[in-house]
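Remarks on the overall topology
In case you want the letters, here they are:
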Amino acid sequence: MEQQLNGSAFVRHLGDLSADGRAGYAALADRVRTLLSDGRLAVGTRVPSERELAAALGIGRGTVAAAYDDLRGSGHLARRRGSGTWTALPGEGSSSTPVVPFAPTSASPSGIASDVIDLAHAAPAAPADAMAEAGQEALAELPGHLVGPGYDLLGLPVLRGLVADRLTAQGLPTTPDEVMVTAGSQHAHALVVRALVRPGDRVLLEQPTYPNAIDLVRHASARPVPMALDRDAAGRARWDVAAFAAGLRESSPALAYLVPDHHNPTGGVMDAEARGGVAAAARRHGVPLVVDDCLRDLWLDDPVPPPLGSWATVPGEAPVLTLGSLSKSVWGGVRIGWLRGPRAVLRRVATSRASDDIASPVLEQLVAAALLRRLDDLLPERRAVMAARRDHLLTALARALPDWHAPRPGGGLSLWVDLGAPRSSVLVEAAARHGLHLAAGPRFGTGGAFEGFLRVPYTHPVDVLDDAVARLATAWETLGVGAPAMLAPVV
Ligand SMILES: Cc1ncc(COP(=O)(O)O)c(C=O)c1O
């Protein structure tokens, strides 16, 4: 998890220290604590020396020394013999490692008891009619596939062709032989990690990011290198291309994993300029990029820029591997996704897959193909429903919990809520006692960051969201962080 910041990079992170009317060592120490707890400054970052930071900030060295002392006292900085001073979080390592997998439990056929509201997973229910139609179409096509052995390491040509056409239409020219069918985008990511990452390697991940991506890296005995996301004036996630390039240069990761479209959990969208910058930096440093586009189709306000992969067009450069699936745009239960990349990399991935699940099930691939043929007809309604639920949840939260702040995401399936207090884990425990399942902020980062944040999906119908917000407000009240406002009906 090593990263190093020089004086001027650190000053950029700190921003305007006099903005809140305070100055001196306490303001400096408080700013560092805030940046660490909300993940904008990654845990395990080597900070500049007192002398270097004092020069960069234009303040006395004594002020920086007092701030560093204060931060060491509160557990936010730690000295490592012979290698400088590093950021930390108090109690880091004791409770931050999750023990529960980030996947639904199976207490009932739906995975969740009926009186429990599941907001731990940002995944919508299936469009029942479309699923039934796709199933029938797939069954009708199945006889045509029964003559062969049914094992196709790279996937059915018909499905690979449909995926290639879709990516091409999005602005990423793709041929079917650049597509491999997988059991979802997480499976595609796992296959790439298995083929390209060795134990001890580093993998650069956004901070925050999708929890299963962090666990995947850890399970491969590799080391996650957190790349903190910045925020714009409206509180939306922003990618700092210079910090990304510095992360690549300093940690030489085996690959970097990014979610540029409706990033989970922040909902942020990487703008076109940053896509160009990120692709160029990866090329310069020879680092393969894994681009998770599984949420791409779920823009709710405006379409997103072309896929990040379309900025990486020079043959022979570090590969860009694009992941996708039908899990968010249609249904997670389809369990069909894809990996798009250079043929040589696909061959390598396929070789290691041959000793794993060998190939994807034929019937499910036919269902996925039938769904892809319908996708552009399905999406407008999907988007309208999700946009209405997003707006409803924002209104309900603003009324019930006015001290919380959530930027309005332009797409995706969840809000990333700033609680204004580092109570996410205890809130999630309290909410569970009220029959509400949530994933606490630290689940989305490394090193225990994001205690002040909560991801709240808007995938449920509005009456369920109202119930969830009422339970959340009750749970928050039990923590005594501040009295919630009276609940008003939301129409
Ligand atoms: C960013 C991201 N990647 C991957 C996944 C898993 O998707 P799939 O069902 O396609 O494996 C999710 C699901 O929440 C996600 O948000």
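Throughout this description, residue numbers start from 1 for each chain and increase along the sequence as written. Per-residue local features of the predicted model are confined to residues with pLDDT of at least 70, and side-chain atom pairs are confined, for both listing and counting, to 80 or more; whole-chain, interface and lining totals are unaffected and use all residues. As a rule here, side-chain values cover all heavy atoms of the structure and leave hydrogens and water aside.

Things to note about the overall build of the chain
For the purposes of this entry, the term helix denotes a DSSP run of H or I that reaches at least four residues, the term strand denotes a run of E that reaches at least two, and both are numbered from the N terminus. In terms of helices and strands, the chain carries 14 helices and 17 strands. Of all 491 residues assigned to the chain, the portion counted as buried reaches 53%. Contact definition: two residues touch when any of their heavy atoms are within 4.5 Å. Restricting the contact set of the chain to residue pairs at least 6 apart, pairs at least 24 apart contribute 73%. Carbon and sulfur atoms form 55% of the exposed surface of the chain, whose accessible area is close to 20300 Å². Just so you know, the count uses Lys and Arg for positive and Asp and Glu for negative, and it drops His and the chain ends. One atom stands in for each charge, and that atom is NZ of Lys, CZ of Arg, CG of Asp or CD of Glu. Within the chain, the 51 negative side-chain charges are centred at a point lying 7 Å from the centre of the 47 positive side-chain charges. With a 1.4 Å probe rolled over the protein chains alone, any residue whose accessible area is under 20% of its type maximum counts as buried; one over 50% counts as exposed, and the rest are partly exposed. Values of accessible area rely on a 1.4 Å probe in the Shrake-Rupley scheme; residue burial ignores everything except the protein chains shown.

Quick word on the packing of aromatic side chains
Side-chain rings of Phe, Tyr and Trp (the six-membered ring for Trp) are treated as a pair once their centres are within 6.5 Å; stacked means planes under 30 degrees apart, edge-to-face means over 60, and tilted covers the remaining angles. Inspection of every chain in the model, using the stated rule, returns 5 aromatic pairs. When the centroid spacing of 5.6 Å and the interplanar angle of 70 degrees are considered together, the rings of Trp416 and Phe444 count as edge-to-face. Of this pair, Trp416 sits in strand S15 (residues 414–418) while Phe444 sits in the loop between strand S16 (436–437) and strand S17 (453–457); the two residues are 28 residues apart in sequence, bridging distant segments of the chain. By relative accessible area, which is 9% here, Trp416 ends up buried. Under the relative-accessibility criterion, Phe444 is labelled buried at 0%. A ring pair is formed by Trp416 and Phe453, whose centres lie 5.2 Å apart and whose planes are at 15 degrees; its orientation type is stacked. Here Trp416, found in strand S15, pairs with Phe453, found in strand S17; they are 37 residues apart in sequence, far enough to count as distant. Neither Trp416 nor Phe453 differs from the other in exposure class; each is buried. Feature note: the residues Trp416, Phe444, Phe450 and Phe453 constitute an aromatic cluster, connected by ring pairs. Whether a charge sits over a ring comes down to the Lys NZ or Arg CZ being within 6 Å of the ring centre and within 35 degrees of the ring normal. Sitting above the plane of the Trp86 ring, Arg80 keeps its charged end 4.0 Å from the centroid. Stacked on the ring of Trp299, the Lys or Arg Arg383 has its end atom at 3.9 Å from the ring centre.

Observations regarding the site of the ligand
Throughout, the term near means that a residue has one or more heavy atoms lying within 4 Å of the molecule or strand in question. In the region of the ligand, 13 residues are neighbours, and Ser185, Asp292, Ser327, Lys328 and Arg335 sit closest. Here a polar contact means two N or O atoms within 3.5 Å. Within protein one must be a hydrogen donor candidate and the other an acceptor candidate, and residues neighboring in sequence count only if both atoms are side-chain atoms. At a separation of 2.7 Å, an oxygen atom of the ligand approaches a polar side-chain atom of Ser185. Ser325 places a side-chain nitrogen or oxygen 2.7 Å from an oxygen atom of the ligand. Coverage of the ligand by the protein chains reaches 93% of its 400 Å² of free accessible surface. Charged residues are taken to be Asp, Glu, Lys and Arg, nonpolar residues to be Ala, Val, Leu, Ile, Met, Phe, Trp, Tyr, Cys and Pro, and polar residues to be all remaining types, Gly included. A class-by-class count of the residues in the shell around the ligand yields 4 nonpolar, 6 polar and 3 charged.

Examining the sheet that holds strand S14 (residues 337–340)
What makes two strands pair is DSSP finding at least two bridges between them. An order of S6-S14-S13-S12-S11-S7-S8 is seen for the 7 strands of this open sheet, with the pairing classed as mixed. Where the open sheet ends on each side, the last strands, each with one partner, are strand S6 (179–182) and strand S8 (223–228). Strand-to-strand twist across the sheet, computed as the mean angle between neighbouring axes with direction ignored, equals 20 degrees. As paired elements, strand S13 (residues 320–325) and S14 share 4 bridges and run antiparallel to each other. Lines fitted to the C-alpha atoms define the axes, with helices restricted to the stretch that makes contact. Angles between their N-to-C directions range from 0 to 180 degrees.

As for helix H13 (residues 424–433)
Among all positions in H13, only Ser424, Leu427, Val428, Ala430 and Ala431 are buried. One side of H13 carries all its buried residues, which in axial view fall inside an arc of 165 degrees. In the stretch just after H13, Gly435 is the one whose phi turns positive, near 75 degrees. To obtain the arc, one takes the directions from the helix axis to the C-beta atoms.

Some remarks on unusual backbone geometry
The omega torsion across Gln207 and Pro208 is 10 degrees, close enough to zero to call that bond cis. A cis geometry characterises the amide bond from Asn264 onward to Pro265, with omega recorded as 20 degrees. With respect to the element layout, Pro265 can be found in the loop between strand S11 (255–258) and helix H10 (272–285). Phi is positive for Ser252, close to 40 degrees, though the residue is something other than glycine. For Ser252, the position within the fold is in the loop between helix H9 (241–251) and S11. With relative accessibility at 55%, the residue Ser252 sits in the exposed group.

Considering the packing of H9 against H10
Between H9 and H10, whose axes approach to 9 Å, the crossing angle comes to 15 degrees. In terms of axis orientation, H9 runs roughly parallel to H10. Relative to H10, the crossing made by H9 is right-handed. Contact residues: H9 offers Val241, Phe244, Ala245, Leu248 and Arg249, while H10 offers Ala274, Gly277, Val278, Ala281, Ala282, Arg284 and His285. Considering only residue class, the contact of H9 with H10 consists of 8 nonpolar, 2 polar and 2 charged. Our angle categories are set so that under 35 degrees counts as roughly parallel, over 145 as roughly antiparallel, 65 to 115 as roughly perpendicular, and the remainder as oblique. Each crossing is labelled by how the near helix is turned from the far one, with a counterclockwise turn of less than a right angle marking it left-handed and a clockwise turn marking it right-handed.

Here's the deal with the environment of Gly276
Mapped onto the elements of the fold, Gly276 is located in helix H10. Overall, Gly276 belongs to the partly exposed group, its relative accessible area being 22%. Sequence separation of Gly276 and Trp311 is 35 residues, and the distance between their C-alpha atoms is 5.8 Å.

Here's the deal with the pattern of salt bridges
By convention in these notes, a salt bridge is any Lys or Arg side-chain nitrogen within 4 Å of a carboxyl oxygen on Asp or Glu. Summed over all chains, the structure comprises 24 salt bridges. Across the salt bridge formed by Arg249 and Glu250, the nearest N and O atoms sit 3.8 Å from each other. Within this structure, Glu133, Glu137, Glu141, Arg373 and Arg374 form a network of salt bridges that share partners.

A few points about the domain arrangement of the chain
It is common to report an interface's size as the accessible area lost on association of the parts. Note that the domain bounds reflect an automated or database-derived domain assignment. Looking at the assigned domains, one finds that the chain contains domain 1 (3–87), domain 2 (117–127 + 377–479) and domain 3 (129–375). In this structure, domain 1 and domain 2 have C-alpha centres spaced 32 Å apart.

Considering empty space enclosed by the protein
Cavities and pockets are defined on a 1 Å grid built over the protein atoms alone: a cavity is a set of grid points where a 1.4 Å probe fits but cannot escape, while a pocket is an open set with protein on both sides within 12 Å along at least five of seven lines, and lining residues are those with an atom within 4 Å of any such point. Grid points are joined across faces, edges and corners, and a volume is the space filled by probe spheres set on the points. This structure, assessed with the given rule, holds 5 cavities of 30 Å³ or more. Quantified by volume, the largest cavity comes out at close to 130 Å³. Gln170, Asp293, Asp297, Ser325 and Trp338 are, among the 16 residues lining the largest cavity, the residues nearest its centre. Among the elements of the structure, helix H6 (157–170), S13 and helix H12 (362–400) are those that each provide at least two residues to the lining of the largest cavity. A total of 4 residues in the lining of the largest cavity trace back to one element, the largest contributor, which is S13. Each residue belonging to the lining of the largest cavity can be placed in one class, and the counts come to 7 nonpolar, 5 polar and 4 charged. Of the voids in this model, the second largest cavity is the one considered here, and its volume is about 110 Å³. Taken together, 14 residues make up the lining of the second largest cavity; nearest its centre are Pro208, Asp230, Arg231, Thr266 and Trp416.

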